[in-house]
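Chains, contacts and geometry: an overview
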Amino acid sequence: MRQIPLLAAIRGLRSFSFGYISYLVPLYLYHIGFSIVEVGIYALVATIASSILLLLSGFFGDLYSKRNTLILVSVLPALAFLVFLLTKNFYIVFATALFGLSFSAIGGGAGGGPVAPVMNALVADNVERQKRTRTYSNLMIISIVGAILGGFVASRLQETISSYYMVLFLLAFLLTLFSIGLMIFLEDRKPEADPAESGKKPAVLPMQSGRNIALISLAGMMGSLGLGVVTPLMSIYFSIIGFTDYNISNIFTLSYVAAGIGVIFSTYFERLIGTINSVVIFRFIGSGLFILIPFVSPIIAAVVYISRTGLYQMALPIRQNFQMTVITSSERARGNSLTGVS
């Protein structure tokens, strides 16, 4: 079980920096002269690049090494932060969209970026089924605490230092390097092979779990299609309706607090109303609340955003456990990457 504390530390460090990076990058691009349309195009390219890297990380993780794959896809955000520190050249900065930056501090799947399929598969390899939802919930809580601390530090720096963009990017760069150092101590644990597959060379495509992967992908695609339009631009939207960078930092930090409260109750609701019902209900409400935001006052819009984040994230550990259960153990990373790509 030494692997789980290591994964917890890695997730905590990653979430600390992405607790502010997720909203700071769009604001920074806007600050250095990108138009809103150009920020949107950047987000589109970043999403496509993240999806490709997500797919590659799942396949390489299953077929070669989860640990080494995790290290490789974690180096890319560090390179992006380094570029932000060294230049404001439009074309060079825009090229960082190819490095798989995530616009979600605490999400899984595509929101979690290319690291998500490998990290989720590592958890499933090391934890028995009955304890997975609780383990995913605990890891999620650690991610949320990291994001809250990151958001708190960012808001304090934004209030006291004029060059806070550079300081925060430097901090993210150093924390990413430290988390990569911890990844070296992870171990690739091969899950027990299905007796029917014993002795066979693993197929490149996850055939045994193909139907379940397709159904989960289709369900995830519907929600992500809408959220992908809105989420990367939320920090700019809050800026346009009158919030300062300091206020925006606090809004996102409170949304992480709401997510933390929601995740605590994930296991309870899974037992009360069932796995599928929990995922459907909380994702439906969490997505649907976005409709209200343009039609209410700025303060109410902030409250709605904070509330919907808590409800939406409540479903995440339940979904992660379900997904790892219905996908064959030898195909977990690939299956998770395919559902994330959708």
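One can find the structure itself at the top, above this paragraph.
Residues numbered from 1 in each chain as written. Predicted model: local features only at pLDDT ≥ 70, side-chain atom pairs only at ≥ 80, totals over all residues. Heavy atoms only, no water.

1. Things to note about the nonpolar core
A general tendency of soluble globular proteins is for nonpolar side chains to be buried together. Of all hydrophobic cores here, the largest spans 74 residues; its most connected members are Tyr20, Phe81, Phe84 and Phe169. No other element matches the 16 residues that helix 1 (residues 3–31) contributes to this core. If we ignore the near neighbours within four places in the chain, the residues touching phenylalanine 81 are Phe18, Ile21, Leu101, Phe169, Ala172, Phe173 and Thr176. (Core = buried A, V, L, I, M, F, W, Y, C linked by side-chain atoms within 4.5 Å. Buried < 20%, exposed > 50% of the residue type's maximum accessible area, 1.4 Å probe, protein only. Helix = DSSP H or I, 4+ residues; strand = E, 2+ residues; numbered from the N terminus. Contact = heavy atoms within 4.5 Å.)

2. Quick word on the side chain of glutamate 270
Along the chain, the position of glutamate 270 falls in helix 11 (residues 266–273). No salt bridge forms around the buried glutamate 270; measuring N to O, its nearest opposite-charge neighbour arginine 271 is 6.3 Å away. Ignoring anything within four residues of it in the chain, the contact list for glutamate 270 reads Thr133, Thr275, Ser278, Ile318 and Asn321. (Lys, Arg positive; Asp, Glu negative; His and termini not counted. Salt bridge = Lys/Arg side-chain N within 4 Å of Asp/Glu carboxyl O.)

3. Some remarks on a nonpolar patch on the surface
Taken together, the side chains of Leu254, Val257, Ile261, Ile264, Phe265, Tyr268 and Leu272 make up a nonpolar region of the molecular surface, amounting to roughly 670 Å² of accessible area. Mapped onto the nonpolar patch, the elements with two or more residues apiece are helix 10 (245–264) and helix 11. In terms of residues, the nonpolar patch owes the most to one element, helix 10, which gives four residues. By the element assignment, leucine 272 lies in helix 11. (Patch = residues over 30% accessible without salt bridge, like charges linked within 9 Å, V, L, I, M, F, W, Y side chains within 5 Å. Areas by Shrake-Rupley, 256 points an atom, 1.4 Å probe, with all protein chains shown as cover.)

4. Quick notes on the packing of helix 2 (residues 36–63) against helix 3 (residues 66–86)
It is at 8 Å that the axes of helix 2 and helix 3 come closest, and there the two elements cross at 155°. Relative to helix 3, helix 2 is oriented roughly antiparallel. Note on packing geometry: the crossing formed by helix 2 with helix 3 is right-handed. Along the contact surface, helix 2 presents Tyr42, Leu53, Ser57, Phe60, Gly61 and Asp62, while helix 3 presents Lys66, Thr69, Val73, Leu76 and Phe84. By residue class, the composition of the contact of helix 2 with helix 3 is six nonpolar, three polar and two charged. (Axes fitted to C-alpha atoms, helices over the stretch in contact; angles between N-to-C directions. Parallel < 35°, antiparallel > 145°, perpendicular 65-115°, else oblique. Left-handed = near helix turned anticlockwise from the far one by under 90°. Nonpolar A, V, L, I, M, F, W, Y, C, P; charged D, E, K, R; others polar.)

5. Concerning the environment of threonine 267
Inspection of the secondary structure assignment puts threonine 267 in helix 11. For threonine 267, a relative accessible area of 7% puts it in the buried group. Beyond its immediate chain neighbours, meaning those up to four positions away, threonine 267 contacts Thr133, Arg134 and Ser137.

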